[in-house]
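Listed below, chain by chain, are the residues.
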Amino acid sequence: MMKYIKQQFAFNSSRTRLYQENEAFAKLIPAGSLVLDAGAGIQPYRHLLEHTNYEAADFEKVDKEYAKSTYVCDLRDIPTEDSRFDFILFNQVMEHLPEPEKVLNELNRVLKPNGKMIYTGPLFYEEHEIPYDFFRYTQYGLNELFKRTNFNIERLDWMEGYFGTVGYQLNRMAMYLPTKPKDIGSGFSGYLLAPLMFITKVWFGLLSIGFHKREVKKKFTKKGYPKNYVAILVKN
């Protein structure tokens, strides 16, 4: 039972949306195309690109698991010729770049004219892969960066709806809110509030599961804000 509850609590609708976006992008890519997965990490979308010639680039400096990269390099300097790739995947990477404009210029350089790139990245997310976590981007910041680096924006959209954002925030609160009296307040107030805080954490955890499940069924974008943005870009 506990294993099932943990699995439900770990469910993240953003991963579902991220997979769906990359799956749709992969279906647009003709067989035999040369594809670069920039900042590929464990290469979670490689199986979607079995019909292509797949190459990966990553600097491999974060203390985490990596799949074998074709190019172990800084994305500001990819060791390949101009206009090599037909398509590029650029997922959840730009927040980790100290000089994002230089990387976008480099990705533009190695992409063929009229080649396409998928971008995904967070607007609302906790610090991660420390110390390589530098920025969060609004849609307006993204629009400016893409235009500066000679990409036409075919699509710029919320990756998930507000239900996914709320589910994530509730999940983090369920994880991080304190329950020890000394962490809540001094004196009697800490002991008084500790049981309430515990109940709140449990309730938020259950609510987070509900919101993540709802996100998968309905992408609500009328109000609120996304956890991530997705863009489809075309080289000028």
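Described in the following lines is the structure provided in the data block. Fair warning: this is a prediction, and the values are worked out from it, not measured in the lab. (Residues numbered from 1 in each chain as written. Predicted model: local features only at pLDDT ≥ 70, side-chain atom pairs only at ≥ 80, totals over all residues. Heavy atoms only, no water.)

Here we take up the overall build of the protein chain. Looking only at helices and strands, the protein chain has seven helices and seven strands in total. Listed by position from the N terminus, the elements making up the protein chain come as α-α-β-β-β-β-α-β-α-β-α-α-α-β. The buried share of the protein chain, taken over its 236 residues, is 45%. At a minimum sequence separation of 6, the contacts of the protein chain that also span at least 24 residues come to 74%. Per element, the accessible surface of the protein chain, about 12,700 Å² overall, is 56% carbon and sulfur. Computing the positive centroid from 32 side-chain charges and the negative centroid from 28, the protein chain places the two 9 Å apart. (Helix = DSSP H or I, 4+ residues; strand = E, 2+ residues; numbered from the N terminus. Buried < 20%, exposed > 50% of the residue type's maximum accessible area, 1.4 Å probe, protein only. Contact = heavy atoms within 4.5 Å. Areas by Shrake-Rupley, 256 points an atom, 1.4 Å probe, with all protein chains shown as cover. Lys, Arg positive; Asp, Glu negative; His and termini not counted. Charge placed at Lys NZ, Arg CZ, Asp CG, Glu CD.)

Another point: helix H5 (residues 162-176). Spanning 15 residues, H5 covers 21 Å between terminal C-alpha atoms, matching the ideal 21 Å at 1.5 Å per step. For H5, the set of buried residues is Phe-163, Gly-164, Thr-165, Val-166, Gly-167, Tyr-168, Leu-170, Asn-171 and Ala-174. (Expected span 1.5 Å × (residues − 1).)

Attention now goes to the pairing of strand E5 (residues 111-122). As defined by bridge partners, strand E4 (residues 85-91) adjoins E5 across six bridges and the pair is classed as parallel. Paired with Phe-85 across the strands is Leu-111, a residue of E5. Across seven bridges, the pairing between E5 and strand E7 (residues 228-235) is antiparallel. Across the sheet, Met-117 pairs through a bridge with Leu-233, a residue of E7. (Pairing = 2+ DSSP bridges.)

Turning to the packing of aromatic side chains, a few remarks are in order. For the structure shown, the criterion picks out 13 aromatic pairs. Judged by centre distance (6.0 Å) and plane angle (80°), the ring pair of Phe-25 and Phe-87 falls under edge-to-face. Remark: Phe-87 occurs in strand E4 and Phe-25 occurs in helix H2 (residues 13-28); sequence separation between them is 62 residues. The exposure class assigned to Phe-25 is buried, which follows from its relative accessible area of 3%. Seen in terms of ring centroids, Phe-124 and Tyr-225 are 5.6 Å apart; in terms of plane orientation they differ by 75°. Their pairing is edge-to-face. Remark: Tyr-225 occurs in the loop between helix H7 (188-217) and E7 and Phe-124 occurs in the loop between E5 and helix H4 (139-148); sequence separation between them is 101 residues. For Phe-124, a relative accessible area of 24% corresponds to the partly exposed category. Residue Tyr-225 is classed as partly exposed on the basis of its relative accessible area, which comes to 29%. Above the ring of Phe-11, the side-chain terminus of Lys-213 is found at 4.5 Å from the ring centroid. (Phe/Tyr/Trp six-rings, centres within 6.5 Å; stacked < 30°, edge-to-face > 60°. Lys NZ or Arg CZ within 6 Å of the ring centre and 35° of its normal.)

By themselves, these figures tell us nothing about what the structure is for.
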